[in-house]
Amino acid sequence: PLSAFTRSAFIAKKRNYDQPNWFGVALAFGTSAALWAFLFKQHEDDVMEYERRKAERHHKCTGCS
């Protein structure tokens, strides 16, 4: 019960806002940009596959069968 009133050494230190963690900022923005790029690429691939299947479904050629 006495340890509930003590603070951890990892939490007791005040943050220094004069020196931002630029590596963490770059990592966060870079990850976000990479995920958005992957999302747009995946969407384009999905649209192309949809259009291909749609055209294939409406193909009425007598020479294919």
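Description of the structure in this document. (Residues numbered from 1 in each chain as written. Predicted model: local features only at pLDDT ≥ 70, side-chain atom pairs only at ≥ 80, totals over all residues. Heavy atoms only, no water.)

1. What to know about the overall build of the chain
Here is the rule we go by: A run of H or I in DSSP becomes a helix once it reaches four residues, and a run of E becomes a strand once it reaches two; helices and strands are each numbered from the N terminus. In this scheme, a residue with accessible area under 20% of its type's maximum is buried, one over 50% is exposed, and one in between is partly exposed, where area comes from a 1.4 Å probe on protein chains only. Only the protein chains shown count as cover for residues, and the accessible areas themselves come from Shrake-Rupley with a 1.4 Å probe.
Each helix and strand counted, the chain has 2 helices and 0 strands in total. Residues classed as buried in the chain amount to 0% of the 65 residues present. When the accessible surface of the chain is split by element, carbon and sulfur atoms take 65% of a total near 6900 Å².

2. Some points on the packing of aromatic side chains
Heads up, the condition is: Any two of the Phe, Tyr and Trp rings considered here, Trp counted by its six-membered ring, make a pair once their centres fall within 6.5 Å; the pair's planes then place it as stacked at under 30 degrees, edge-to-face at over 60, or tilted in between.
For the structure on display, the rule yields 1 aromatic pair. Ring centres of Trp36 and Phe40 lie 5.9 Å apart, and the angle between their planes is 35 degrees; this geometry places the pair in the tilted category. Highlighted residues: Trp36 and Phe40, both in helix H2 (residues 22-57), separated by 4 residues, approximately one helical turn. Look at Trp36 and you get partly exposed, because its relative accessible area is 49%.

3. A word on a nonpolar patch on the surface
Quick note on the threshold: Residues with no salt bridge and a relative accessible area higher than 30% make up the patches, which join like charges within 9 Å and nonpolar side chains (Val, Leu, Ile, Met, Phe, Trp, Tyr) within 5 Å. Any carboxyl oxygen of Asp or Glu within 4 Å of a side-chain nitrogen of Lys or Arg constitutes a salt bridge here.
The grouping of Trp22, Val25 and Phe29 at the surface amounts to a nonpolar patch, some 370 Å² of accessible area in total. Using a relative accessible area of 63% as the deciding quantity, one classes Phe29 as exposed.

4. A look at the pattern of salt bridges
Once their charged atoms are close, side chains differing in charge can pair, the charge on each being opposite to the other. Applying the stated criterion to the full structure yields 4 salt bridges. Across the pair Asp45 and Lys41 runs a salt bridge whose closest N-O atoms are separated by 3.0 Å. Of this pair, Asp45 and Lys41 both sit in helix H2, 4 residues apart, roughly one helical turn. For Asp45, a relative accessible area of 34% gives the class partly exposed. The closest approach of N and O atoms between Glu56 and Arg52, which form a salt bridge, is 3.2 Å. Residue Glu56 and its partner Arg52 are located together in helix H2, separated by 4 residues, close to a single helical turn.

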